[in-house]
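Residues per chain are reported as follows:
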Protein chains: 2
Amino acid sequence: MIYLDNNGTTQVLPEVIEAMMPYFTTDWGNPSSSYKFGSKLKTVIETAREQVADLIGAHPREVIFTSCGTESNNAAIHAALKAHPGKRHLITSAVEHSSVLNYCMALEQEGYRVTYLPVDRDGLLKLADLEHAITDETAVVSLMWANNETGVLFPVKEIAELCRSRGVLYHCDAVQAASKIAIDVPKISIDYLSLTGHKFHAPKGIGALYVRRKTPISPYVYGGHQEHGLRGGTESVPLIVGMGKAAQLARRHLLVYDKKVRPLRDTLEDGILNSVPNTELNGHRTERLANTSNITFHGVESEALLILLDKEGICASSGSACLADSDEPSHVIKAMKPDSTASQQMIRFSLDVGNSQEEIRGTVAAVQRCVRTLHSSY
Amino acid sequence: MIYLDNNGTTQVLPEVIEAMMPYFTTDWGNPSSSYKFGSKLKTVIETAREQVADLIGAHPREVIFTSCGTESNNAAIHAALKAHPGKRHLITSAVEHSSVLNYCMALEQEGYRVTYLPVDRDGLLKLADLEHAITDETAVVSLMWANNETGVLFPVKEIAELCRSRGVLYHCDAVQAASKIAIDVPKISIDYLSLTGHKFHAPKGIGALYVRRKTPISPYVYGGHQEHGLRGGTESVPLIVGMGKAAQLARRHLLVYDKKVRPLRDTLEDGILNSVPNTELNGHRTERLANTSNITFHGVESEALLILLDKEGICASSGSACLADSDEPSHVIKAMKPDSTASQQMIRFSLDVGNSQEEIRGTVAAVQRCVRTLHSSY
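1. Quick notes on the packing of helix α4 (residues 41-56) of chain B against helix α10 (residues 237-275) of chain B
Residue and element names in this part refer to chain B.
- Interhelical geometry of α4 versus α10 gives an angle of 30° and a closest axis separation of 8 Å. Considered as vectors, α4 and α10 are oriented roughly parallel to each other. Crossing angle aside, the handedness with which α4 passes α10 is left-handed. Along its contact with α4, which presents Leu41, Val44, Ile45, Ala48, Gln51, Val52, Asp54 and Leu55, the element α10 presents Val237, Ile240, Val241, Met243, Gly244, Lys245, Ala247, Gln248, Ala250, Arg251 and Leu254.
- The class makeup of the residues in the contact of α4 with α10 is 13 nonpolar, three polar and three charged.

Written out as structure tokens, the structure reads:
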């Protein structure tokens, strides 16, 4: 198997499993207990919180564990709106993850007004558009760091400064960016930042929300006193430990991530674009994550190509896994290239440090074969 | 260690860990993928859904996986309110779990009116109170099946019938009841029912919400197409599998649960009440789960007794683990006995089939010693 869907999910690392196991097998107590068998787990959670905080340069007290990136995204927007009950306007972009877009659409039903900023053909945002969209009614801006389908990077620092200068809260979905580029929240005035563990080798089912000190926050999942009363529900200790360990490893890998992954991605991308006719890159050539390549194969339906690639042992995707069950074309590519069929005829390859040059060469050859087969079958 | 805090959390069973492991180690794909390595996991999730549905007699399509019982409780109430946007009244009780009470309080801030039904000294509810509280404005009634602190059972069947006859949606928090008593949803007109895995030997971090067919439902965590679009977030496959396996085992254990646990609990309860002076049972003697014993030790602070018991290797609690970090007296016992100090001087023992008569005898003796120590030290 050649796994090139690391923006979908990643392998749980053996070190992460090893770190989690004791909290399934022997130390399965409830951290909120008064007896030591349970209460000693509070320390374990705090260690994991430090590890996750470290990955983004945050203070541990600024990190709340959630069940996933989707919950973190919902929770951040919810908190911002609750902090400004009089303000009924949000700004986001047309290419956000479904957890932001679908939550915004639900808010529209409740009477909120939402501006969906457009992107250009390269997937880039115009800061002037954001500037014009902000009004006195705007409670929060939610704009992602790196796009999950194309890897395109938004100018987060400039967005954050603009929001700060206009007194608007800024939430950043960094689910795809974290572990792939260095994030240092003290240097950027982001108010809320979403993370999820399974994009960097922790298991699925655990996420985190960074909330800058003094930024207003309220629970999204209301319950007991867990997470300083900001997220109810008995703590999933093993998964929290797993996310902590994975964050620690991701921070180390950051030093070599770009150097290892970019050449592999470029070999793949150039190999396909140069040898397969009627192909087209989706997403800006440089303002982009080092691991992601989104390519349109004109005249080839995504699903047909994915099936053939799967038979060759290659795992890739036609966009967000979260929307893969739907037959709808990618809303991201559609927003970038509304006049073309690019959104139904594209493949996302997302690499990781574990991939090899051999795998990449094999993939280029397989893609050539598969596309040839499909073209000849039409 | 003698573990008597099974209403707080339970040991993850070895069979459950064994069932989960492959989905951490080898089959770590994203179920929403188009390639087989990921998509084959859809079947795995559906098997777990059948197992959880089986535990309560539901159809698998009526089960949505969530991250915990707290989320399930929030989600059910949220869905009911969304279904009736014009109705701004909820009914619950003063002894519900914090995930219901704190969510209701947040709703009050948003302009909803909430009736908190009282209970009597035994923790029982008067159906007439519920009947009088329901108005044309009532969107939903949320009343638990078994109380987590006392084990007291509410008359769920009668509540359900009353709600149905008045056209009001009924949500039942069955987090403590499931696996301890037989639940058969087709026989009771409950609309929403909350479950969590870690109360019956699955890991923490996975829950479920039963939603009766044709009952209105909308997402609480908005995101991708997971769970038929009703709960966003990449599925936590290993934990879902773990909850399924645990549900299957719990269903089997149900046949012997009462027979095994009740005599142990009664030995413990009678042993303490008969030998330790100034003790008092909290909760109805018979309308109660077989595993729970909540006892007030007059003149003895809960925390002091728990510390001594912990030193003797006994794990018990002073109420809900979700509120253990707070110094507040139990809201449940306070609602039952507002005129007494019972709420600050009580211990909850919650047993499981794994406990032995030897452990129980040891616990009675330890309680006697600890109370004597504390009385002599005052």
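This is not the end of the story, as more comes after the structure.
2. A few points about the packing of aromatic side chains
- Within this structure, the stated rule accounts for 14 aromatic pairs over all chains.
- A ring pair is formed by Tyr103 of chain A and Tyr222 of chain B, whose centres lie 5.6 Å apart and whose planes are at 45°; its orientation type is tilted. Placement of Tyr103 of chain A in helix α6 (residues 98-109) and of Tyr222 of chain B in the loop between β8 (207-211) and α9 (226-229) is noted, with the two residues assigned to different chains.
- Taken together through their ring pairs, the aromatic side chains of Tyr103, Tyr220 and Tyr222 of chain A together with Tyr103, Tyr220 and Tyr222 of chain B make up a single cluster.
- Its guanidinium or amino end placed over the ring of Tyr112 of chain A, Arg88 of chain A lies 4.1 Å from that ring's centre, counting from NZ or CZ.

3. Some words on the sheet that holds strand β9 (residues 279-282) of chain A
Residues and elements named next belong to chain A.
- Ordered in space as β9-β10-β12, the three strands form an open sheet in which the pairing is antiparallel. Of all the strands in the sheet, just β9 and β12 (346-350) have a single pairing partner and so form its edges. Neighbour to neighbour, the strand axes of the sheet diverge by 30° on average, direction disregarded.
- As defined by bridge partners, β9 adjoins strand β10 (residues 292-297) across four bridges and the pair is classed as antiparallel.

4. A look at the packing of helix α11 (residues 302-311) of chain B against helix α13 (residues 357-377) of chain B
All names here are of chain B.
- Look at α11 against α13: their axes get within 10 Å of each other, and the N-to-C directions meet at 130°. When the interaxial angle is binned, α11 and α13 end up oblique. Seen along the crossing, α11 lies across α13 with a hand that is right-handed. For the pair α11 and α13, contact is made by Ala304, Leu305, Leu308 and Leu309 and by Ala366, Val367, Cys370, Val371, Thr373 and Leu374, respectively.

Rules used throughout
Residues numbered from 1 in each chain as written. Chains lettered and ligands numbered in written order. Predicted model: local features only at pLDDT ≥ 70, side-chain atom pairs only at ≥ 80, totals over all residues. Heavy atoms only, no water. Axes fitted to C-alpha atoms, helices over the stretch in contact; angles between N-to-C directions. Helix = DSSP H or I, 4+ residues; strand = E, 2+ residues; numbered from the N terminus. Parallel < 35°, antiparallel > 145°, perpendicular 65-115°, else oblique. Left-handed = near helix turned anticlockwise from the far one by under 90°. Contact = heavy atoms within 4.5 Å. Nonpolar A, V, L, I, M, F, W, Y, C, P; charged D, E, K, R; others polar. Phe/Tyr/Trp six-rings, centres within 6.5 Å; stacked < 30°, edge-to-face > 60°. Lys NZ or Arg CZ within 6 Å of the ring centre and 35° of its normal. Pairing = 2+ DSSP bridges.

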